[in-house]
Amino acid sequence: MHSGRNYTLQEFIYWTRRKIYVLIVLAVVPTVVFAITGTKWILIPWPPILLIGTASALIAGFRNNATYGRSWEARQIWGRIVNSSRTFGIMTLDFIRHPQEHLLKEIHQRILFRHLAWITALRHQLREKRQWENARICPQYIEYAKFYSVPEWKSTLAEDIKEFLTEDEWQSVKNRKNIATHILTLQSADLRQLHEQGRITELKYLELQQQLKDFYDHQGGSERIKNFPYPRQYSTLSRFFFSILTVLIPLGMLNEFSKLGPHFIWLNIPFSIIVSWIFLTLEDIGESTENPFEGAANDVPISTISRTIEIDLKEMLGLEKIPPARVPDHYIQM
């Protein structure tokens, strides 16, 4: 997530520069051919291009609205994870009782650290690669990634989770397909045992179990966005339309500028590049928003949110060793 005032024009140009190179070729070649040979069959009337451009703009608007909805829903889910985590922390500290203070602190820390293990496992699972995502396969995304780092790509789940789970707990879940789900299963079993031991009353036990249900709901919502891509037929159609449009724009503009005189045809190069660039950038913006957990610059900052939850819960426990908040790299928060 970009947390600065705005993206600069230089950043947009750097991000799209590979496509700008193509647009330059598409604009220069027909202009030079027409200037040298006077070939008129390459000229295209503007009305057909206008119709294609209108259709492309409508598709881009529909797509960008849909992909923004995916991103905003993901942000809402993780906002609820923050609120539910804080609530779970307060409930754990207030609901679970034990006559021996040192044992009570151990129980509280065990429960809340296991919750941090769940968040750690979930964010690592959400950063896994999917075939339709762009962050690790498209050159423009890979090159732009030098401005920030993705924590889940720099360390393994085993390294990040070892602080929060015992060795036995980690051994019991590490080979599971969905580790986050089984960590919540361990959490539920621990709470049930505490209830059976009389450390939690019936009503408060049900309240804590409701919190676990909410965590399952939040996890399921995140996994739905992660594992169900924006429909490929709309994405493919949008790409085809914009590809056709960027080829036709220089030919249509050349036709218009040629009517003004031989000296004006050279204006076709800058104007067709600018117009085509605007359309392609609009397409790229929608594409960069459709997968909010892939590890790109416009992702929902789940690593930062997870660290915020970790700080809150450790402060609730009164621990002295509190990790620092994550700071943006070039205004990018992950």
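Summarised in this report is the structure supplied together with it. From a predicted model like this one, the values you see are computed outputs, not experimental measurements. (Residues numbered from 1 in each chain as written. Predicted model: local features only at pLDDT ≥ 70, side-chain atom pairs only at ≥ 80, totals over all residues. Heavy atoms only, no water.)

### Description of the overall build of the chain
To keep it simple, the criterion reads: What counts as a helix is a DSSP run of H or I of at least four residues, what counts as a strand is a run of E of at least two, and both are numbered from the N terminus. Atoms counted for the radius of gyration: C-alpha only. Globule rule: 2.2 Å times residue count to the power 0.38. Accessible area is worked out with a 1.4 Å probe on protein chains only. A residue is then buried under 20% of its type maximum, exposed over 50%, and partly exposed in between. The contact criterion used is simple: two residues touch if any of their non-hydrogen atoms lie within 4.5 Å. Using the Shrake-Rupley algorithm and a 1.4 Å probe, accessible areas are obtained, with residue cover drawn only from the displayed protein chains. Note on charges: Lys and Arg go in the positive column, Asp and Glu in the negative column, and His and the chain ends are not counted at all. All charge positions are set by atom: Lys at NZ, Arg at CZ, Asp at CG, Glu at CD.
Along the backbone of the chain there are 12 helices and 0 strands. Taking 20 Å as the expected radius of gyration for a compact globule of 334 residues, we find that the chain reaches 27 Å, considerably beyond that expectation. In terms of its C-alpha atoms, the chain occupies a principal-axis envelope of roughly 95 × 35 × 35 Å. Put simply, the chain has 334 residues, and 47% of those count as buried. A sequence separation of at least 24 residues applies to 80% of the contacts in the chain between residues at least 6 apart. A total accessible area of about 17,100 Å² is found for the chain, and carbon and sulfur atoms account for 62% of it. Charge centroids of the chain, computed over 38 positive and 34 negative side chains, lie 5 Å from each other.

### A look at helix H8 (residues 179-196)
What counts is decided by this rule: Given the number of residues in a helix, its expected span is that number minus one, multiplied by 1.5 Å. Read the arc as the range of directions from the helix axis to the C-beta atoms.
For H8, spanning 18 residues, the distance from its first C-alpha to its last is 26 Å, which sits close to the expected 26 Å at 1.5 Å a residue. Along H8, the positions that sit buried rather than exposed are Ile179, Ala180, Ile183, Leu184, Gln187, Asp190, Leu191 and Leu194. Here the buried residues of H8 occupy an arc of 140 degrees about the axis, which is enough to place them on one side. Those residues of H8 that are buried are in contact with helix H2 (46-95), helix H3 (101-126), helix H6 (157-161), helix H7 (167-173) and helix H9 (202-227). Of the residues trailing H8, Gly198 is marked for its positive phi of about 85 degrees.

### Focus on the pattern of salt bridges
As a reminder of what qualifies: Criterion for a salt bridge: a side-chain nitrogen of Lys or Arg within 4 Å of a carboxyl oxygen of Asp or Glu.
On inspection of all chains with the given rule, the structure shows 21 salt bridges. With a closest N to O distance of 2.7 Å, Glu290 and Arg63 form a salt bridge. Taken as a pair, Glu290 in the loop between helix H11 (268-289) and helix H12 (302-317) and Arg63 in helix H2 lie far apart in primary sequence, 227 residues in all. With relative accessibility at 1%, the residue Glu290 sits in the buried group.

### A closer look at the environment of Tyr230
Tracing the sequence through the fold places Tyr230 in the loop between H9 and helix H10 (232-258). Sequence spacing of Tyr230 and Ala66 is 164 residues, and the spatial spacing of their C-alpha atoms is 8.2 Å. Here Tyr230 is in contact with Phe62, Arg63, Ala66, Thr67, Arg70, Ser235 and Glu290, once residues within four sequence places are set aside.

### Some thoughts on the packing of H3 against H12
Stated precisely, the cut-off is as follows: Geometry is summarised by axes, namely lines fitted to C-alpha atoms with helices restricted to the contacting stretch, and by angles between N-to-C directions that run from 0 to 180 degrees. Relative orientations are named as follows: roughly parallel for angles under 35 degrees, roughly antiparallel for angles over 145 degrees, roughly perpendicular for angles from 65 to 115 degrees, and oblique for any other angle. Side-chain classes are defined by residue name, with Ala, Val, Leu, Ile, Met, Phe, Trp, Tyr, Cys and Pro counting as nonpolar, Asp, Glu, Lys and Arg as charged, and the others, Gly among them, as polar.
Across the interface, H3 lies against H12 with an axial gap of 10 Å and an inter-helix angle of 175 degrees. With respect to H12, the axis of H3 lies roughly antiparallel. Here H3 contributes His108, Gln109, Leu112, Phe113, His115, Leu116, Ile119, Arg123 and Leu126 to the contact with H12, which in turn contributes Ile302, Ser303, Ser306, Ile309, Glu310, Leu313, Lys314 and Leu317. When its residues are assigned to classes, the contact of H3 with H12 shows 9 nonpolar, 5 polar and 3 charged.

### A short note on H10
To keep things clear, this is the line we draw: Two axes are fitted around each residue, one to the seven residues ending there and one to the seven starting there, and the angle between them is reported as the bend at that residue.
Over its 27 residues, H10 runs 40 Å from end to end, which matches the ideal 39 Å to within 8%, given 1.5 Å per residue. Maximum bend of H10: about 30 degrees, positioned at Leu248, with proline Pro250 one to four residues after it.

### Remarks on the nonpolar core
To keep things clear, this is the line we draw: Throughout, nonpolar core names a set of buried Ala, Val, Leu, Ile, Met, Phe, Trp, Tyr and Cys residues whose side chains join them through atoms within 4.5 Å.
Core analysis: the biggest nonpolar cluster contains 47 residues, and Trp78, Ile96, Trp118 and Ile183 have the highest contact counts within it. Of all the secondary-structure elements, those providing two or more residues to this core are H2, H3, H6, H7, H8, H9 and H12. Per element, the largest residue contribution to this core is 12 residues, and it comes from H3. In this view, Trp118 contacts Ile81, Ala180, Ile183, Leu184, Phe215 and Gln219; residues no more than four positions away in its chain are not counted. By size, the runner-up hydrophobic cluster in this structure holds 11 residues, among which are Trp15, Tyr141, Tyr148 and Ala296.

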